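# Coordinates in review
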Amino acid sequence: MKKEIEKLDLNTTVESKDIDGSKLAQDCFVDLDQPPKSPEVVVFFGVDERGRKVKTMTRGEYSCLVAPSKSKKSFNKSLIAGAYIGGKTEEYTDLIVSNRKDDRYIIDIDTEQGEFYSYLTFNRVRRLTGGNYKQYRPYWTRKKSIAERIELIRWVLYDSEYAGKIDLLFIDGIADLVSNTNDLEKSNEVSDLLLKWSAECNIHICVVIHKVWNADKATGHLGTTVTKKAESIIFIEPLLNDQGKIRERNTVKIRCGYSRGLPFEEFYMTINNEGLPFTHSFETDNIFQPLTERKKEIAELRENRTPFIDPDDAFDPPPELLDEDDDDVPF
């Protein structure tokens, strides 16, 4: 009886007799005398405590946008896509920044919405950028089966005219690649596909997944398996009052849940009167000011925050305990 050891795709089983251990060892061996290059950044997301851009989305990895239902996940996705493209998006955010170096493709897969609402979401990217970036390729797949959705993604990545020219793939939402988010086997298969696609195609994949309210837990076994292997987990949270009710429907908080690199400082995203998202560092910002004016205020606020203390200086005695003629503590 053949021993089944791995599944990487629907209806496709890899069996032990088909695996060459020698080739596996050669492919997976790490030569410590040949350090690999640092992964190239696709999108900087947020800033650290010193105000430096954070390498949140890099090639060969995937990240997760995690939020409760109807918490502006797709707005945040649109802002990331717009920021990657550039154009006028810099008027809406200086916290999500592109590292695009040429005209490479963005693939945007929507699995949840119908054609009309998918169009509104996809067209929001064009409204943010102020132009039509021809390398932005959106697809709505609500009417398709799970197998068809997976095959579309595989075809785009490996067989289409875009293959080898893609920087960024969005899957909104990843739960629609399985029939049951609590099926451990299928959840592991989808997680393996994300690892495989991101590594083999050297792209960054950003997936959208729901989470339960009032807990940092993505939904189901799928949420567990997908988030634990991601490069970055980005939480999008509504602003609640003391009774746990949403107190501001047009603004959400964005914070770093987990990261393989440096975490970013939490910030906020608001939807303006035109239905377009923009970011601001503090909830109390005058958010309807032009971004150039807000930048000056934000810089002043940062200057007045508690300064970063170097660990080497953290335990120095205060100046009043030092003799004027002696650098040593007088006891």
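It should be noted that the structure appears before, not after, this text.
The following refers to the structure shown. None of the values given here were measured: they were computed from a predicted structure. (Residues numbered from 1 in each chain as written. Predicted model: local features only at pLDDT ≥ 70, side-chain atom pairs only at ≥ 80, totals over all residues. Heavy atoms only, no water.)

### A closer look at the overall build of the chain
Quick note on the threshold: Helical segments are the DSSP runs of H or I of at least four residues, strand segments are the runs of E of at least two, and each set is numbered from the N terminus. Only protein chains enter the calculation, and the probe is 1.4 Å; a residue is then buried if its accessible area is under 20% of its type maximum, exposed if over 50%, and partly exposed in between. A contact between two residues is defined here by any heavy atoms of the two lying within 4.5 Å. Working definition of accessibility: Shrake-Rupley area with a 1.4 Å probe, residue cover restricted to the visible protein chains.
Secondary structure assignment for the chain yields seven helices and 14 strands. Here the chain, with 331 residues, has 43% of them falling under the buried criterion. Residue pairs at least 24 apart in sequence account for 64% of intrachain contacts in the chain once pairs closer than 6 positions are excluded. Roughly 18,800 Å² of accessible area belongs to the chain as shown, and the carbon and sulfur atoms make up 48% of that amount.

### A short note on helix H6 (residues 220-228)
Because the α-helix completes a turn every 3.6 residues, residues three or four places apart line up on one side. When H6 is considered as a whole, its buried residues turn out to be Gly220, Leu222, Gly223, Thr225, Val226 and Thr227. Buried positions along H6 lie against strand E5 (61-67), helix H5 (184-201), strand E10 (204-210) and strand E11 (232-240).

### Comments concerning the sheet that holds strand E4 (residues 53-58)
Quick reminder of the rule: In this description, strands pair whenever DSSP reports at least two bridges between them. Between N-to-C directions, angles cover 0 to 180 degrees, with each direction set by a line fitted to C-alpha atoms, over the stretch in contact for helices.
If you walk across this open sheet you meet the three strands as E4-E3-E6, and the pairing is antiparallel. Each edge of the sheet is formed by a strand with only one pairing partner; in this case those strands are E4 and strand E6 (96-98). Each neighbouring strand pair of the sheet contributes to a mean axis angle of 30°, computed without reference to strand direction. Two elements, strand E3 (residues 41-47) and E6, share three bridges in a ladder whose sense is antiparallel. Note on E6: the bridge partner recorded for Phe45 is Ile96. Packed onto the sheet, helix H2 (residues 73-85) meets E3, E4 and E6 and runs at close to 35° relative to E6.

### Looking at a nonpolar patch on the surface
This is how it is decided: Patch membership is restricted to residues that have no salt bridge and whose relative accessible area is over 30%. Joining uses 9 Å for like charges and 5 Å for the nonpolar side chains Val, Leu, Ile, Met, Phe, Trp and Tyr. By definition, a salt bridge exists where a carboxyl oxygen of Asp or Glu is found within 4 Å of a side-chain nitrogen of Lys or Arg.
There is a patch of nonpolar side chains on the surface, built from Phe116, Tyr117, Tyr119 and Leu120 and spanning about 460 Å² of accessible area. Looking at the element boundaries, Tyr119 is found in helix H3 (residues 115-129). Residue classification places Tyr119 among the partly exposed residues on the basis of a relative accessible area of 46%.

### Some remarks on the environment of Leu240
Locating Leu240 in the fold gives a position in strand E11. A sequence separation of 12 residues divides Leu240 from Val252, and the C-alpha atoms of the two residues are 9.6 Å apart. When sequence neighbours within four positions are dropped, the list of residues in contact with Leu240 reads Trp213, Asn214, Lys245, Ile246 and Arg247.

### Brief notes about the side chain of Ser160
The cut-off we apply is this: Between N or O atoms, a polar contact is any pair within 3.5 Å; within protein, one atom must be a potential hydrogen donor and the other a potential acceptor, and residues adjacent in sequence are included only when both atoms are from side chains.
Among the structural elements, Ser160 can be located in the loop between helix H4 (146-158) and strand E9 (166-172). For Ser160, a relative accessible area of 8% gives the class buried. Within the local environment of Ser160, its side chain forms a polar contact with the backbone oxygen of Val156, the two atoms lying 2.6 Å apart.

### Looking at unusual backbone geometry
For the peptide bond that leads from Asp172 to Gly173, omega is 10°, which places it in the cis range. Following the sequence through the fold, Gly173 ends up in the loop between E9 and H5. Of note, Lys72 is a non-glycine position whose phi angle comes to about 70°, a positive value. Following the sequence through the fold, Lys72 ends up in the loop between E5 and H2. Phi at Asn202 is positive, roughly 50°, even though this residue is not glycine.

### Re the packing of aromatic side chains
How two aromatic rings sit relative to each other is set out by the distance from centre to centre and by the angle between their planes. Note the cut-off: Pairing of aromatic side chains requires ring centres within 6.5 Å, counting the rings of Phe and Tyr and the six-membered ring of Trp. Pairs whose planes differ by under 30 degrees are stacked, by over 60 edge-to-face, and all others tilted. The rule is short: NZ of Lys or CZ of Arg within 6 Å of the ring centre and within 35 degrees of the ring normal puts a charge over the ring.
In this structure the tally under the stated criterion is six aromatic pairs. Relative to Tyr162, the ring of Tyr105 has its centre 4.8 Å away and its plane inclined at 50°; by these criteria the two rings are tilted. Remark: Tyr162 occurs in the loop between H4 and E9 and Tyr105 occurs in strand E7 (residues 105-110); sequence separation between them is 57 residues. One exposure class covers both Tyr105 and Tyr162, and it is buried. An aromatic cluster is defined as three or more aromatic residues linked by ring pairs; in this entry it consists of Phe45, Phe264 and Phe267. Directly above the aromatic system of Phe44 lies the positively charged group of Lys53, at a separation of 4.5 Å from the ring centroid. Of note, Arg124 hangs over the ring of Phe75, and the distance from its end group to the ring centre comes to 3.7 Å.

### Digging into the sheet that holds E11
Taken in spatial order, the nine strands make up an open sheet running E8-E7-E9-E10-E5-E11-E12-E13-E14, and their pairing is mixed. The strands lining the two open edges of the sheet, one partner per strand, are strand E8 (136-140) and strand E14 (277-280). Neighbouring strand axes in the sheet, compared pairwise and without regard to direction, differ in orientation by 20° on average. Alignment of E5 against E11, held across four bridges, turns out to be parallel. When the sheet's bridge partners are listed, Cys64 is paired in E11 with Ile233. Sitting on the sheet, H2 touches E5, E7, E8, E9, E10, E11, strand E12 (246-259), strand E13 (267-271) and E14, and the angle it makes with E9 is about 170°.

### Focus on the side chain of Lys77
With respect to the element layout, Lys77 can be found in helix H2. For Lys77, a relative accessible area of 0% puts it in the buried group. Polar contacts involving the side chain of Lys77 include one to the side chain of Asp108, which spans 3.0 Å. Excluding residues that lie within four positions of it along the chain, Lys77 makes contacts with Leu65, Asp108, Asp110, Thr121, Phe122, Phe170 and Asp172.

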